[in-house]
Amino acid sequence: MILPDKQASLKNISDFILLGYEEETLLPLFGSYVKAGFPSPAEDYAEERISLLKFLSGNPTATFYVMLEGDSMIDFNLFEGDLLVIDRALEARSGDIILANLDNEFTVKMLEITENGARLVPGNSKYAPITVTKDLEILVWGVVRGIARRFRK
Amino acid sequence: MTSLFLHADINNCYASIFRIFMPHLNGKPLAVLSNNDGSIIARSQEAKDLGIIMGQPLFEAKPIIDKYGVKVLSSNYPLFHDMSTRFHHTLGTFSPNQEIYSIDEGFLDLGNFYNTDLNQYGCTIKKTVWQWLGLPICVGIAPTKTLAKLANRIAKKSTKAKGVLVLNTEAHIKAALNIIDVGDVWGIGRQYANKLRKFGVLTAWDLANVTDSFAKKELTIVGLRIVKELRGEACADLEIEPPAKKGICTSRSFGHPVTTLDLMQEAVATYMTRSAYKLRRQKSRCAQLSVFFETNPFNPNEPQYNNCKTIKLPVPTNSTLELVSYALLALKAIYRDGYKYKKAGVYLDDIRPATAMQGNIFDTIDRGKHLDLMLAMDKLTGKMGSGVIKLASEGTDKSWKMKQDYGTKCYTTRMEDILVVR
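Since this is a predicted model, take the numbers as computed values, not measurements.

Student: Is there a simple way to think about the packing of helix α6 (residues 145-157) of chain B against helix α7 (residues 170-178) of chain B in this case?
Tutor: Packed helices, taken two at a time, are described by the angle between their axes plus the distance between the axes. Residues and elements named next belong to chain B. Where α6 contacts α7, the axes come no closer than 11 Å and their chain directions differ by 65 degrees. Considered as vectors, α6 and α7 are oriented roughly perpendicular to each other. Relative to α7, the crossing made by α6 is left-handed. Facing Leu147, Leu150 and Ile154 of α6, the residues of α7 in contact are Ile173, Ala176 and Leu177.

Here it is in structure tokens:
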């Protein structure tokens, strides 16, 4: 029963209980239900459905998404609006597309490592490659493992 | 010594999380605000160095903030929660025996790792969290949880430790305990610390060397356990399943004062929805609920009215529908017009496990149907975020909602908020 506290009495409580009595009083079944019909012969063979996330990312805990903007990566077939799947667990290698932190700003480039040092190479001749020097701080934020692109929304 | 624990926590957690996605904040002083932007609850190292104090009200810190250009941001709990989950997952890849202690702290039971180079192991964990998530952490490893936490504390301060400290020999443990103030021992609060100082117990080492009967008499059985843990005798195992809460409270200050019953009902319904969700998450029901509210006590010129109403429920429940309808009944009974309300909340108690339940022959509620509905609601909430499905009584106005003047994006949980890069 509802026990209103000592002082303020609940005006609506009596209405509330009365309402309850007007309806049919049912004993609850404690949420249990019985499955009827035939068991599925396929049930023992259930497999997990194919997941795009699993395909694109090796390590979901270390995976982040960013959206590409601009035309600086078109020669690598990366276009504005592409969803870049970044797996931070990957060690960056020469030839990887990476998200870099260049003087505390984000940029997407191809990482090129040669005997002469490292460069960040854009995928568009309009822009110049950036050579890694002592004065220019470049951090690899993560390696782009794959992309997702939609043709229709 | 047979046991071995690892304690890891994120340095300047909230500030560090923001910096992953906003690298221009690197090296700059940063302060993070509480709900409603009231006070400072997290600071970057640079902000700490400027003298900004934990818990300081924003207006009080304003002179320093303006003078040094301290960046100020509102809390972003969806982002914090996601990054915290990733942090604990990453730790969990190192040992299956894991305790999630708080949003930014966790323990691992390293059990029989004695043949491993423990310092190396701690460094690997630190390096992995940094690479995967961009979060700086510190690591302490020791024979008990209390000592591991203490090792971490030293690892954070000492430049020599480089963020990882192993205490597994008696000499090392003694040296460490000697430099820790008794008030900084995990579980020793300010009052106990003051009391202990009067007995000449000043350091953790002093505390480790009191007699058992002294510890029991002055600090109760809980204190004795701390003393034993300091001596290297493990008394606490990992809490792998967090204990079910005995009371669940959701209360918030309003962004703007609330002056109508309609808005108050929206707020109470929303808080109750949140509490009921928490209740189901821990697989419990409650048999009693309270609704409370208050005006702003810091505005003494305005009329003041605070009240609280408690209702015992006929049948213990965790159904949002039921709990909200009772909460609104309670609210209506005590609500008065003519006041500017500052804060409201709901509190659930008399909490029992959801499995054992005594029925009531006057029960008119189809509990099976409620259960199905709640399962569906929780699924949607889990999948698409809180607020995606709600009761009509939660309303759509929400003008009472949290003030967040320095908001940031939910970079990892909302598609429309992800980083855009060139």
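Student: Please explain the nonpolar core as it appears in this structure.
Tutor: The tendency in soluble globular proteins is for nonpolar side chains to be buried side by side. Residues and elements named next belong to chain B. In terms of nonpolar packing, the biggest core is built from 56 residues, with Phe18, Phe21 and Met83 touching the most fellow members. The dominant element in this core, judged by the number of residues it contributes, is helix α1 (residues 13-21), at seven residues. Core analysis: the next-biggest nonpolar cluster, separate from the first, contains 35 residues, Leu289, Val291, Phe293 and Ala327 among them.

Student: For this particular structure, what's the right way to read the pairing of strand β2 (residues 83-87) of chain A?
Tutor: Moving residue by residue along a regular strand, the side chains alternate between the two faces of the sheet. Residue and element names in this part refer to chain A. In terms of burial, β2 is largely enclosed, as five of its five residues are buried. The alternating pattern of β2 places Leu83, Val85 and Asp87 and Leu84 and Ile86 on opposite faces, both of which are buried. Judged from the five bridges that link them, strand β1 (residues 63-68) and β2 form a sheet pairing that is antiparallel. Directly across from Val66, in β2, lies its bridge partner Leu84.

Student: Which parts of the structure should I look at to understand the pairing of strand β2 (residues 30-33) of chain B?
Tutor: All names here are of chain B. Taking every second residue as pointing to the same face, both faces of β2 are buried, with Leu30 and Val32 on one and Ala31 and Leu33 on the other. Judged from the three bridges that link them, β2 and strand β4 (residues 71-73) form a sheet pairing that is parallel. Across the sheet, Val32 pairs through a bridge with Leu73, a residue of β4. Looking at chain direction, β2 and strand β3 (residues 40-43) are connected through three bridges and run antiparallel. When the sheet's bridge partners are listed, Val32 is paired in β3 with Ala42. Turn length for the β2-β3 hairpin, with the two strands adjacent in sequence and antiparallel, is six residues, and the turn residue Asn36 shows positive phi of about 70 degrees.

Student: Even after reading the chapter, I still don't get the sheet that holds strand β11 (residues 307-317) of chain B, so can you show me in this structure?
Tutor: Each strand in a sheet pairs with its neighbour through backbone hydrogen bonds, running either in the same direction (parallel) or in the opposite one (antiparallel). Residues and elements named next belong to chain B. One open sheet accounts for four strands, arranged β9-β12-β10-β11; its pairing is antiparallel. Here the strands that pair on one side only, and so sit at the sheet edges, are β9 (248-258) and β11. Within this sheet the neighbouring strands show an average axis-to-axis angle of 15 degrees, counted without direction. For strand β10 (residues 284-295) and β11, the ladder comprises seven bridges, and the chain directions are antiparallel. For Phe292, the partnering residue across the bridge sits in β11 and is Cys308. Strand contacts of helix α12 (residues 320-334): β10, β11 and β12 (341-353), with the helix running at about 150 degrees to β11, the strand carrying the most contacts.

Student: Looking at this structure, how should I read the pattern of salt bridges?
Tutor: Any two side chains of opposite charge can pair if their charged atoms end up close together. Counted by the stated rule, this structure contains 18 salt bridges over all chains. The partner of Arg422 of chain B in a salt bridge is Glu69 of chain A, with the nearest N and O atoms 3.2 Å apart. Of the two residues, Arg422 of chain B is situated in the segment after β13 (419-421) and Glu69 of chain A in the loop between β1 and β2; the pairing between them involves two chains. Residue Arg422 of chain B is classed as partly exposed on the basis of its relative accessible area, which comes to 48%. Here Arg149 of chain A makes a salt bridge to Asp82 of chain A, at a shortest N to O gap of 2.6 Å. Of the two residues, Arg149 of chain A sits in the segment after β7 (138-148) while Asp82 of chain A sits in the loop between β1 and β2, which places them 67 residues apart along the sequence. Overall, the relative accessible area of 36% leaves Arg149 of chain A in the partly exposed class. Judged by relative accessible area, which is 2%, Asp82 of chain A ranks as buried.

Student: Mind showing me how you'd approach the environment of Ser284 of chain B here?
Tutor: All names here are of chain B. As for its placement among the helices and strands, Ser284 is situated in strand β10. Given a relative accessible area of 2%, Ser284 falls into the buried group. As for Ser284 and Thr317, which are separated by 33 residues in sequence, their C-alpha atoms are 8.2 Å apart. If we skip the residues at most four places from it in the chain, Ser284 touches Ala244, Leu279, Asn318, Ile351, Arg352, Pro353 and Ala354.

Student: Before we go on, may I ask you to explain the packing of aromatic side chains in this structure?
Tutor: Both the distance between ring centres and the angle between the ring planes are used here to describe each pair of aromatic rings. Scanning all chains against the criterion turns up 21 aromatic pairs over all chains. Summarising the aromatic geometry, the rings of Tyr305 of chain B and Tyr339 of chain B are spaced 5.2 Å apart at their centres and angled 35 degrees between planes, so their arrangement reads as tilted. With Tyr305 of chain B in the loop between β10 and β11 and Tyr339 of chain B in the loop between α12 and β12, this pair connects stretches of sequence that are 34 residues apart. Each ring, one from Tyr339 of chain B and one from Tyr341 of chain B, has its centre 6.1 Å from the other, and the planes form 50 degrees; the classification is tilted. Chaining the aromatic ring pairs together yields one cluster made of Phe64, Phe106 and Trp141 of chain A together with Phe21 and Tyr411 of chain B. When the ring centre of Trp141 of chain A is taken as reference, the NZ or CZ atom of Arg88 of chain A above it lies at 4.7 Å.

Student: How should the layout of surface pockets be read in this particular structure?
Tutor: Over the atoms, a rolled probe matching the size of one water molecule traces out where space is still vacant. Residues and elements named next belong to chain B. Considered as a void within the structure, the second largest pocket measures approximately 1000 Å³ in volume. No other element matches α6, which puts eight residues into the lining of the second largest pocket. Partitioned by chemical class, the residues of the lining of the second largest pocket number 14 nonpolar, eight polar and twelve charged.

Student: When you look at the sheet that holds strand β8 (residues 164-166) of chain B in this model, what are you seeing that I'm missing?
Tutor: Residue and element names in this part refer to chain B. In space, the five strands of this open sheet follow the order β5-β6-β1-β7-β8, with mixed pairing throughout. The two strands at the open ends of the sheet, each matched to only one other strand, are β5 (98-102) and β8. Taking each pair of neighbouring strands and ignoring which way they run, the sheet shows an average axis angle of 15 degrees. Both strand β1 (residues 5-10) and strand β7 (residues 137-142) contribute to a ladder of six bridges, which runs antiparallel. When the sheet's bridge partners are listed, Asp9 is paired in β7 with Cys138.

Student: Where do I start with the environment of Gly27 of chain B in this structure?
Tutor: Residues and elements named next belong to chain B. Its location among the elements puts Gly27 in the loop between α1 and β2. The exposure class assigned to Gly27 is exposed, which follows from its relative accessible area of 55%. Along the primary structure Gly27 and Val324 are separated by 297 residues, whereas in three dimensions their C-alpha atoms are 47 Å apart.

Student: For this particular structure, what's the right way to read α6 of chain B?
Tutor: A turn of α-helix holds 3.6 residues, and therefore any two residues three or four places apart point the same way. Residue and element names in this part refer to chain B. For α6, built from 13 residues, the straight-helix expectation of 18 Å at 1.5 Å per residue is met to within 8% by its first-to-last C-alpha distance of 19 Å. Most of α6 sits out of view: ten of its 13 residues are buried. Of all the positions in α6, only Lys145, Thr146, Leu147, Ala148, Lys149, Leu150, Ala151, Asn152, Ile154 and Ala155 are classed as buried.

Cut-offs used in this document
Residues numbered from 1 in each chain as written. Chains lettered and ligands numbered in written order. Predicted model: local features only at pLDDT ≥ 70, side-chain atom pairs only at ≥ 80, totals over all residues. Heavy atoms only, no water. Axes fitted to C-alpha atoms, helices over the stretch in contact; angles between N-to-C directions. Helix = DSSP H or I, 4+ residues; strand = E, 2+ residues; numbered from the N terminus. Parallel < 35°, antiparallel > 145°, perpendicular 65-115°, else oblique. Left-handed = near helix turned anticlockwise from the far one by under 90°. Contact = heavy atoms within 4.5 Å. Core = buried A, V, L, I, M, F, W, Y, C linked by side-chain atoms within 4.5 Å. Buried < 20%, exposed > 50% of the residue type's maximum accessible area, 1.4 Å probe, protein only. Pairing = 2+ DSSP bridges. Salt bridge = Lys/Arg side-chain N within 4 Å of Asp/Glu carboxyl O. Phe/Tyr/Trp six-rings, centres within 6.5 Å; stacked < 30°, edge-to-face > 60°. Lys NZ or Arg CZ within 6 Å of the ring centre and 35° of its normal. 1 Å grid on protein atoms, 1.4 Å probe; cavity = no way out; pocket = protein on both sides within 12 Å on 5 of 7 lines; lining within 4 Å. Points joined across faces, edges and corners; volume = space filled by probe spheres on them. Nonpolar A, V, L, I, M, F, W, Y, C, P; charged D, E, K, R; others polar. Expected span 1.5 Å × (residues − 1).

That is the geometry; function is a separate question.
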